[in-house]
Amino acid sequence: MYLIPSLIMFGCGVYGFITRKNMIAMLISLELMLNAVDINFAVFNRYLFPAGHEGMFFSLFAIAIAAAETAVAIAIIINVYRVAKKVDINDITKMKF
Amino acid sequence: MNLDYSQFLMMPQELGLLAVFLLVFLYDTFMPKSTQKGLPLFATIAFGIYMILGFLPVKEGLLFGDMFQADKATWAIKNILNIGTFIVLLQAVKWANSDFVSIRRGEFYELILLTLFGMYLMISARHFLVFVIGLETASLPLATLVAFEKKYYESHEAAAKYVLTAVFSSAIMLMGLSFVYALSGGNLYFNQLACFIMGEPSLLLILALAFVIAGIGFKLSLVPFHLWTADVYQGAPTMVTSYLSVISKGSAAFAFFIILVQVFGSAYADVWQWMLYAVIIITITVGNLFAIRQRNLKRFLAFSSISQAGYIMLGVIAANAVGMASMMYYILVYIFSNLAAFGVIAVIERYTGKVTTDDYNGLFKTNPWLAFVMMLAMFSLGGIPPFAGFFSKFFIFVGAAQTGSVAIYVLVLIALINTIISLYYYLLVVKAMFIRQDECAIPKLKSHWTEATGLWICTLGIILIGLVSCIYTSLSDITASLSGVFGMI
């Protein structure tokens, strides 16, 4: 039951990552996916294995990792914007095949 | 609960690497500006001393409540990665002191050492949490390293592509891990998971397995997940590209082996072996076919490294002691051959800015030594005897064939045919250097002594590793002693 929101979030994230053209929007989609994973771990821990805390710890670490990933990705997107003046993925296609 | 601090003494390689990192960091932060030019050499020498000390034997055991494994195999693969990193650092000295990079040269060394630490964690992890932390520690700083050439637009484009695909694939892998957690009985220790994952394969777990393979397959640039590789290799600074192509790949391959064999080895061997079977065939073939049409040498080596990753996976699919030994041997040989090729490319790119095959026309006339090293590297990558590449391919085929199943024989045959195809494009480079002539060939270069030393080490490695048989023997002795890992299958 509690899995439904996390699965919907994950699906939206994948869909958004594939269809969005703006890199910031893609990053937001990635965040959705990572948050869906966190919810998943918390739900499994709470309902399947209430005796342990492994899933909770895993989601704590996953949150920290997601924050680090966002920081790095934002920095790189800002750099791209500085040199290209665009953050649209249709415009940063200099290297192909 | 009390932590037993003596456990830290059983992870000397990690502590040594952290010590080198701290030394470099302190040098970068507190030494006066006039001495900063010595930082690259200082970092390289410190790492070299640590690399030599790393060969001291370590104690074996499971640390930190079974989360961290220290045994001879992890010791050996860490030493192999150390050798590769040392060559990369050696070749980077001159580049790090060039005008544009010099202002941030400390960061380059610190980030490289940190990613290496993450790879150590990945290799030694016996719990999925440690593995994930190691994987992210290894891949996030690499994204910033790819964006290191601040003035080149390509560098930023490559970094953006790299970081977005890296986060996407790690999100997919984490989703798979959450399903593994749900079906595992409440913990993610490798040795306990192996006991839980038994009996009839469940569909959800197969899905989870596919997610995990996709996540690590991205790091290894196996084919359905390889699209970032060529762009990132082309856009990144050549030093970072060489690091990405050998060290990052080698560590991920080893961790992949441990996860597949130890966690999913018991009940799911059939499932993942067939998944990997398909992946290997398309990886080797697609990598080869795309490499033929590349004119930029860095992109060319990117596709060649994709197909080499397919060969490395042959050791994983074998899933026995010979497979593991030949995989580590393959990684060692691949480090020397690829770093030789990238070393030559880096020297020529730094002096002239030329990176396409046509620019190498007539290189033998003007720079016979560089052309010679490049030729050795190409022969070794292509697998021509008596160079090391031939022996590594031979052992990895033997390891796969030892499983004795007909399907794997077919796989080895396909890999063999692909080796012949790959000779074509490796020899195209040799032909450009030795046979074709050009009026405006690259002028005579004088490489810095550090670069020359790096190339000498690679050359000696390519020639000697195949002939000095004790290297492979010691590796296979190490893996033969690991009864615990392969007992599952």
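Refer to the structure presented above.
These lines cover the structure that appears in this document, whether it is placed above or below.

What counts and how
- Residues numbered from 1 in each chain as written.
- Chains lettered and ligands numbered in written order.
- Predicted model: local features only at pLDDT ≥ 70, side-chain atom pairs only at ≥ 80, totals over all residues.
- Heavy atoms only, no water.
- Salt bridge = Lys/Arg side-chain N within 4 Å of Asp/Glu carboxyl O.
- Helix = DSSP H or I, 4+ residues; strand = E, 2+ residues; numbered from the N terminus.
- Buried < 20%, exposed > 50% of the residue type's maximum accessible area, 1.4 Å probe, protein only.
- Expected span 1.5 Å × (residues − 1).
- Arc of directions from axis to C-beta.
- Phe/Tyr/Trp six-rings, centres within 6.5 Å; stacked < 30°, edge-to-face > 60°.
- Lys NZ or Arg CZ within 6 Å of the ring centre and 35° of its normal.

**Observations concerning the pattern of salt bridges**
Think of it this way: side chains of opposite charge can pair up when their charged atoms draw near. Residues and elements named next belong to chain B. Applying the stated rule across the entire model yields six salt bridges over all chains. Note that Glu-14 is salt-bridged to Lys-78, the shortest N-O span being 2.7 Å. Residue Glu-14 is found in helix α1 (residues 12-30), and its partner Lys-78 is found in helix α3 (residues 72-96); the two are separated by 64 residues along the sequence. Per residue, the accessibility class of Glu-14 equals that of Lys-78, and both read buried. Across the pair Glu-157 and Lys-161 runs a salt bridge whose closest N-O atoms are separated by 2.8 Å. Residue Glu-157 and its partner Lys-161 are both found in helix α6 (residues 153-182); the two are separated by four residues, about one turn of the helix. By relative accessible area, which is 1% here, Glu-157 ends up buried.

**Re helix α1 (residues 3-19) of chain A**
Residue and element names in this part refer to chain A. Given a rise of 1.5 Å per residue, 17 residues ought to cover 24 Å, and the 24 Å separating the end C-alpha atoms of α1 matches this to within 8%. Turning to α1, its buried residues are Ser-6, Phe-10, Gly-13, Gly-16 and Phe-17. Projected onto a plane normal to the axis of α1, the buried residues spread over an arc of 135° and lie on a single side. Looking at α1, the residues exposed on the side facing more than 90 degrees away from the buried face are Tyr-15 and Ile-18.

**Remarks on the packing of aromatic side chains**
All names here are of chain B. The tally for this structure, following the rule as stated, stands at 32 aromatic pairs over all chains. Their ring planes at 55° and their centres at 6.2 Å tell us that Tyr-311 and Phe-397 sit as a pair that is tilted. In this pair, Tyr-311 sits in helix α12 (residues 297-318) while Phe-397 sits in helix α16 (residues 388-401), placing the two residues 86 residues apart along the sequence. A residue is classified by how much of its surface remains accessible, and Phe-397, at 11% relative accessible area, is buried. An aromatic cluster is defined as three or more aromatic residues linked by ring pairs; in this entry it consists of Tyr-329, Phe-390, Phe-391, Phe-394 and Phe-395. Positioned above the aromatic ring of Tyr-311 is the side chain of Lys-393, whose terminal nitrogen or guanidinium carbon lies 4.8 Å from the ring centre.

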